[in-house]
Amino acid sequence: MINNVTDRQIELSVIIPVTERHDPVQQLFHIYKSEIEKLGKTYEIIYVLDGDFPEALEELKKLRVTERLTIITLAKWFGEATALNAAFSNSSGDIILTLPAYQQIEAWEISPLLDALSNCDMVLARRWPRNDSWFNQLQSRIFNSLLRSFSGLQIHDAGCSARAFKRQVINEISIYGDLHRFLPVIAHRQGFRVTEIDAAQCESDTFRRIYAPGLYMRRLLDILTVFFLIKFTKKPLRFFGLVGTSLFGIGAITTLYLVVERLLFDVALGDRPALMLSSLMIILGIQVIAIGLIGEIIIFTHARNLKEYTVDEIIN
Amino acid sequence: MELSIIVPLYNEEASVAPLYDAIVNAVQPLNIKFEILFVDDGSTDNTVPEAVKLAGKDERLRIIKFRRNYGQTPAMAAGIDHARGNILVTMDGDLQNDPGDIPNFLHKLQEGYDIVVGWRHKRQDKLITRKIPSRIANWLIGKITGVPIKDNGCSLKAYRADVIKNIPLYSEMHRFIPAMTSLAGTRIAEIKVRHHARKFGESKYGLSRIYKVMVDLLAIKTILSFFSRPLIIYAYGAGISAVVGLIALIAGITQYSANQSIVFFSVAFLYTALAIVLFLWGMLGELVYRTGDLKTEHFAQIKSVKDAL
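Cut-offs used in this document
Throughout this document, residue positions are counted from 1 along each chain, in the order its sequence is written. For this description, chains carry letters from A and ligands carry numbers from 1, given in the order in which they are written. Where local features are concerned, this predicted model is filtered to residues with pLDDT of at least 70; where side-chain atom pairs are given and counted, the filter is 80 or more; whole-chain, interface and lining totals use all residues. Only DSSP runs of H or I reaching four residues or more are called helices, and only runs of E reaching two or more are called strands; each is numbered from the N terminus. Comment: burial labels come from other C-beta atoms within 10 Å of the residue's own C-beta, placed from the backbone, where a count of 20 or more is buried, 12 or fewer is exposed, and between is partly exposed. In this description, any two residues whose backbone-derived C-beta atoms lie within 7 Å of each other are considered to be in contact. The nonpolar core is taken to be a set of buried Ala, Val, Leu, Ile, Met, Phe, Trp, Tyr and Cys residues joined by way of C-beta atoms within 7 Å. Every residue is assigned a pLDDT by the predictor, reflecting its confidence on a scale from 0 to 100. Domain borders in the structure are assigned automatically or taken from a domain database. Two strands form a pair only when DSSP identifies at least two bridges running between them. Axis lines are fitted through C-alpha atoms, for helices just across the contact stretch, and the angle between N-to-C directions can take any value from 0 to 180 degrees. Here the nonpolar group is Ala, Val, Leu, Ile, Met, Phe, Trp, Tyr, Cys and Pro; Asp, Glu, Lys and Arg are the charged ones; every other residue, Gly included, is treated as polar.

Asks: What's the story with the overall build of chain B in this structure? I'm lost.
Replies: Counting its secondary structure elements, chain B contains 11 helices and 7 strands. A buried classification covers 44% of the 309 residues belonging to chain B. Taking contacts inside chain B between residues at least 6 apart in sequence as the whole, the part at least 24 apart equals 81%.

Asks: It is not clear to me how unusual backbone geometry should be interpreted in this structure. Could you clarify?
Replies: It is generally the case that most residues other than glycine have a negative phi and that most peptide bonds are trans. Residue A:Pro129 is bonded to the preceding A:Trp128 through a cis peptide linkage, with omega at -5°. Relative to the assigned elements, A:Pro129 resides in the loop between strand S5 (122-127) and helix H5 (134-151). At B:Asn11, a position not held by glycine, the phi torsion is positive, near 50°. At B:Leu95, a residue that is not glycine, the phi angle is positive and equals roughly 70°. Examined against the element boundaries, B:Leu95 turns out to sit in the loop between strand S4 (87-90) and helix H4 (102-110).

Asks: So what exactly am I meant to see when it comes to the nonpolar core here?
Replies: Among soluble globular proteins, nonpolar side chains are generally buried collectively. By size, the foremost hydrophobic cluster in this structure holds 99 residues, and its most contacted members are B:Ile5, B:Ile6 and B:Val89. By residue number, the principal contributor to this core is helix H10 (residues 273-302) of chain A, which donates 13 residues. Beyond its immediate stretch of four places on either side in the chain, B:Ile5 contacts B:Ile23, B:Phe34, B:Ile36, B:Leu37, B:Val89 and B:Met91. If you look at the next biggest cluster of nonpolar residues, it comprises 52 residues, including A:Val25, A:Ala101, A:Ile175 and A:Phe182.

Asks: Mind showing me how you'd approach the confidence of the model for chain B here?
Replies: Segments scoring low in pLDDT should not have their predicted coordinates read at a detailed level. Averaged over chain B, the pLDDT score is 83; the fraction of residues at 70 or greater is 89%. Predicted complex metrics record ipTM = 0.78 and pTM = 0.77.

Asks: When you look at the domain arrangement of chain A in this model, what are you seeing that I'm missing?
Replies: Put simply, an interface is often sized by how much accessible area is lost when its parts join up. According to the domain assignment, chain A contains domain 1 (7-232) and domain 2 (236-300). One C-alpha centre belongs to domain 1 of chain A, the other to domain 2 of chain A, and the line joining them spans 45 Å.

Asks: Would you mind showing me how to read the sheet that holds strand S8 (residues 311-315) of chain A here?
Replies: The strands that make up a sheet pair up through hydrogen bonds in the backbone, lying either parallel or antiparallel. One open sheet holds the 8 strands; their spatial order is S8(A)-S3(B)-S2(B)-S1(B)-S4(B)-S6(B)-S5(B)-S7(B), and the pairing between them is mixed. The outermost strands of the open sheet, each flanked by one partner alone, are S8 of chain A together with strand S7 (188-193) of chain B. Direction aside, the axes of adjacent strands within the sheet are offset by 20° on average. Strand direction decides the pairing type here: strand S5 (residues 115-120) of chain B and strand S6 (residues 157-160) of chain B, joined by 3 bridges, are antiparallel. Across the sheet, the residue bridging to B:Val117 is B:Lys157, located in S6(B).

Asks: Before we go on, may I ask you to explain the interface of chain A and chain B in this structure?
Replies: Listed by partner, the interface residues are 39 residues for chain A and 47 residues for chain B. Elements with a contribution of two residues or more to the side of chain A that touches chain B: helix H9 (236-265), H10 and S8 of chain A. Per element, the largest residue contribution to the side of chain A that touches chain B is 17 residues, and it comes from H10(A). Looking at the side of chain A that touches chain B, its residues break down into 20 nonpolar, 9 polar and 10 charged. One ladder, built from 4 bridges, connects S8(A) with strand S3 (residues 61-66) of chain B; its direction is antiparallel. The residue bridging A:Glu313 from the neighbouring strand is B:Lys65, located in S3(B).

Okay, here's the thing in structure tokens:
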């Protein structure tokens with residue numbers, strides 16, 4: 001027990017969220033602990049259980065007899081981001097390290113991960129080179145390249161939970177629900193420097209993962225949420241306007257074409273479903289723009305409370 | 001503190017020092033207390049070190065450093081939020097505006113105006129990509145907002161602090177500040193300013209702004225109309241679609257004998273439905289506006305503060 005110090009002096013908070021997928025707790029604890037001890041920093045370890053995992057809880061309680069660790073249990077499933085928030089507010093280290101409750105990267109990668117934090121605000125581990133099945137790699141590639149193109153952040157492995165960051169990052173941004181994957185994207189958006197380092201993938205992480213179709217749908221929706229959050233929250237009409245004007249444009253051109261044909265070339269209009277389609281597009285386009293305008297009014301009436309910029313420092 | 005000069009800077013390492021000198025040379029002879037606010041908009045070059053060097057020698061120079069690039073309006077908003085002066089002057093950091101014009105702005109404000117806007121009457125920019133789009137944009141902005149300003153894009157402007165500090169500035173709203181403040185019944189003056197060709201660096205915007213300006217203009221028009229005549233925009237839309245629906249209905253009736261009216265009738269119903277829904281959207285907008293915290297009353301408040309001066 002080298003950690004007989006008061007909370008104030010803790011340098012590193014290690015947060016391990018326990019979710020559906022977790023390895024035997026005790027074994028992993030010792031693997032992580034031995035690596036963290038090598039860092040020579042004062043630290044705390046916080047386990048947060050996102051929902052009801054009686055076996056894991058039992059094991060953690062046994063661990064607590066001999067080890068120093070904090071256990072936080074959420075009453076029900078709230079999503080990993082909420083679990084992380086609970087842990088953040090109960091932690092006190094200036095540096096926060098989140099680790100998965102299963103072996104994802106080799107534990108000896110923790111030290112280079114923290115070293116890289118010296119010249120940025122957030123470090124992500126990227127499982128590279130990967131030795132998974134092609135299926136895992138494919139779905140991860142698709143997800144990450146979508147995320148890259150939407151966010152502009154060069155991120156290659158948003159699914160890897162091993163991340164180190166400064167406390168300032170979570171003081172300024174908030175995540176909820178399932179958005180923990182996008183913490184780096186939101187941090188990047190807020191102006192924090194985010195870097196990625198390669199880390200060796202664990203052997204036990206390489207099994208093929210096939211999720212329910214609903215889950216893929218949810219990921220996609222998450223990406224769209226983040227995309228909207230970071231790009232258009234301040235200017236909803238820029239987004240709605242783009243969708244609305246293109247719909248309206250296509251509809252208007254088609255309608256015009258049909259009307260011209262009717263008037264000049266005497267082609268019958270009354271029995272053409274194309275007229276209905278083009279009218280529907282015009283109507284949909286106008287609706288979308290109208291919704292965007294409502295969004296603008298919402299933003300405007302709240303504009304006094306929105307700070308759009310983050311000040312790094314003020315000199316003089 | 002009487003005067004704050006706010007300058008957003010984005011990758012202007014070569015301009016910082018000459019700009020500082022020019023501002024000091026222009027304002028020093030006026031014998032008033034002033035501060036210069038350099039707002040660094042996440043520059044990636046040596047803008048900040050250059051500015052810090054100057055700030056070490058002169059404590060009238062303050063630097064606000066953003067963590068990343070946010071754009072010109074947020075940079076101006078930050079400067080306005082942090083300024084301590086009674087009069088605020090904003091200008092570009094690329095040396096195209098001439099700080100030598102600042103005294104003229106102050107004289108105009110003393111005449112009783114609340115906002116003085118610069119007009120680059122001999123603009124030194126490219127004709128096709130800058131001057132013509134800007135002409136059209138200014139004409140449109142004037143027509144739509146009802147505040148005819150010849151040069152909305154000119155950053156060199158001077159404000160009374162109590163007027164501008166209450167105007168919400170976000171996104172790329174800086175172009176519409178005169179229109180926004182007109183709600184408060186502000187008196188706006190426009191004076192000619194000198195404009196220099198770019199010496200250092202390159203222009204940070206081009207033609208891609210057209211879509212943004214158009215969209216912002218529509219948004220501003222809607223917002224402004226909610227202050228004076230709520231629902232009007234939506235009512236116009238509803239009216240037009242009702243007329244289109246009516247035309248389709250008439251076409252359906254006249255073609256009835258030819259047995260071709262189903263499509264016409266359907267289209268008529270669609271547009272009628274749109275008219276109703278648009279009206280409802282307008283009411284929703286009104287609801288949002290009524291429950292929000294920025295209302296006409298708020299602008300009225302600015303006016304009374306100003307009158308008390």
